[in-house]
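Report on the structure
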Amino acid sequence: AIFLDRDIAAVLESSMNVLGRAVIGEDASSVSSMIAAAGQQAFTAVSNVWDVTSSTRIGWNPDTWSAAIVVILYGLVAKAATVFLIIMAASIYMANLVMSQVSIIIATIFAPFFVPFLLFKPASWLFEGWLRFFLGAAMMKIVGLLMLKITSSMMASLVALSQQAAAKPQWVFEAVSIDIVLYCS
């Protein structure tokens with residue numbers, strides 16, 4: 001009767017939630033809290049990218065209109081592409097987190113059926129397969145949260161680097177090359 005409850009799965013899941021909380025610093029036990037953390041980090045990155053100013057200082061006189069238009073258009077296209085890629089990455093992270101949480105729930109539901117197979121040696125491979133599935137789902141959740149945290153810290157450092165580069169005055173050709181780095185990072 002002790003094997004017919006979900007204590008083993010609950011203990012494993014709670015330990016993975018503690019590890020997830022250590023990784024992201026927020027509650028990792030529910031899908032809504034993980035999606036909220038991922039969405040907040042993604043929209044912060046989008047806001048930071050959109051707020052980066054161009055380092056190119058081209059006046060609006062007839063000699064530099066063509067260069068100014070190219071720089072402005074390039075900046076808009078690069079920002080839009082970067083925002084699109086950040087949103088796509090955030091969507092993939094969120095889908096990964098949802099899939100891992102659904103897998104953990106499925107494994108927890110089937111725990112009372114597979115844990116008793118541990119007692120019957122010829123069928124213990126069923127328990128081992130269930131345990132592998134459960135640990136794989138839990139690790140998928142942790143790895144997804146870890147990758148989200150790494151990406152978030154990389155975006156913060158790239159925004160700080162781009163703001164530092166934009167604050168320093170350059171010549172026109174240096175500024176255009178810095179704009180390429182600013183908008184593509």
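Residues numbered from 1 in each chain as written. Predicted model: local features only at pLDDT ≥ 70, side-chain atom pairs only at ≥ 80, totals over all residues. Heavy atoms only, no water.

1. Considering the overall build of the chain
Quick note on the threshold: Working definition: helices are DSSP H or I runs of at least four residues, strands are E runs of at least two. Numbering for both runs from the N terminus. Areas reported as accessible are Shrake-Rupley estimates using a 1.4 Å probe. Residue values count occlusion only from the protein chains shown.
Within the chain, the regular secondary structure consists of five helices and zero strands. Mapped in sequence order, the helices and strands of the chain form the string α-α-α-α-α. As displayed, the chain has an accessible area near 10900 Å², and 75% of this comes from carbon and sulfur atoms.

2. Some remarks on the confidence of the model for the chain
As a reminder of what qualifies: For every residue, the pLDDT score states the predictor's confidence, bounded by 0 at the bottom and 100 at the top.
Here the chain averages 75 in pLDDT, while 74% of its residues score no lower than 70. The least confident element of the chain is helix 5 (residues 172-184), whose mean pLDDT is 56; the most confident is helix 3 (residues 65-114), at 83.

3. Considerations on the environment of Asp51
Test applied: Burial classes follow relative accessibility: with a 1.4 Å probe on protein chains only, a residue under 20% of its type's maximum area counts as buried, one over 50% as exposed, and anything between as partly exposed.
Checked against the element boundaries, Asp51 lands in helix 2 (residues 31-51). The exposure class assigned to Asp51 is exposed, which follows from its relative accessible area of 55%.

4. Comments concerning the nonpolar core
Cut-off, in case you're wondering: Buried residues of nine kinds, namely Ala, Val, Leu, Ile, Met, Phe, Trp, Tyr and Cys, make up a nonpolar core once their side-chain atoms join them within 4.5 Å.
In terms of nonpolar packing, the biggest core is built from eleven residues, these being Met16, Ile104, Ala107, Ala111, Val115, Phe127, Trp130, Phe134, Ala137, Ala138 and Ile142. Per element, the largest residue contribution to this core is six residues, and it comes from helix 4 (residues 124-167).

5. A short note on the packing of aromatic side chains
Quick reminder of the rule: Pairing of aromatic rings covers Phe, Tyr and the six-membered ring of Trp, with a centre-to-centre limit of 6.5 Å; geometry is then stacked below 30 degrees between planes, edge-to-face above 60, and tilted otherwise.
A full pass over the atoms with the stated rule returns five aromatic pairs. Ring centres of Phe110 and Phe114 lie 6.3 Å apart, and the angle between their planes is 70°; on these two criteria the pair is classed as edge-to-face. Of this pair, Phe110 and Phe114 both sit in helix 3, four residues apart, which is roughly one turn of that helix. Take Phe110: its relative accessible area is 39%, and that puts it in the partly exposed class. With centroids separated by 6.3 Å and ring planes inclined at 50°, the aromatic side chains of Phe114 and Phe117 adopt a geometry described as tilted. Classification of Phe114 as partly exposed rests on a relative accessible area of 24%. Each residue in the set Phe110, Phe113, Phe114 and Phe117 is aromatic and connected to the rest through ring pairs, giving one cluster.

6. A short note on the environment of Ile150
The residue Ile150 is located in helix 4 in this model. Taking the relative accessible area as the measure of exposure, Ile150 reaches 37% and is therefore partly exposed. A sequence separation of 127 residues divides Ile150 from Val23, and the C-alpha atoms of the two residues are 9.8 Å apart.

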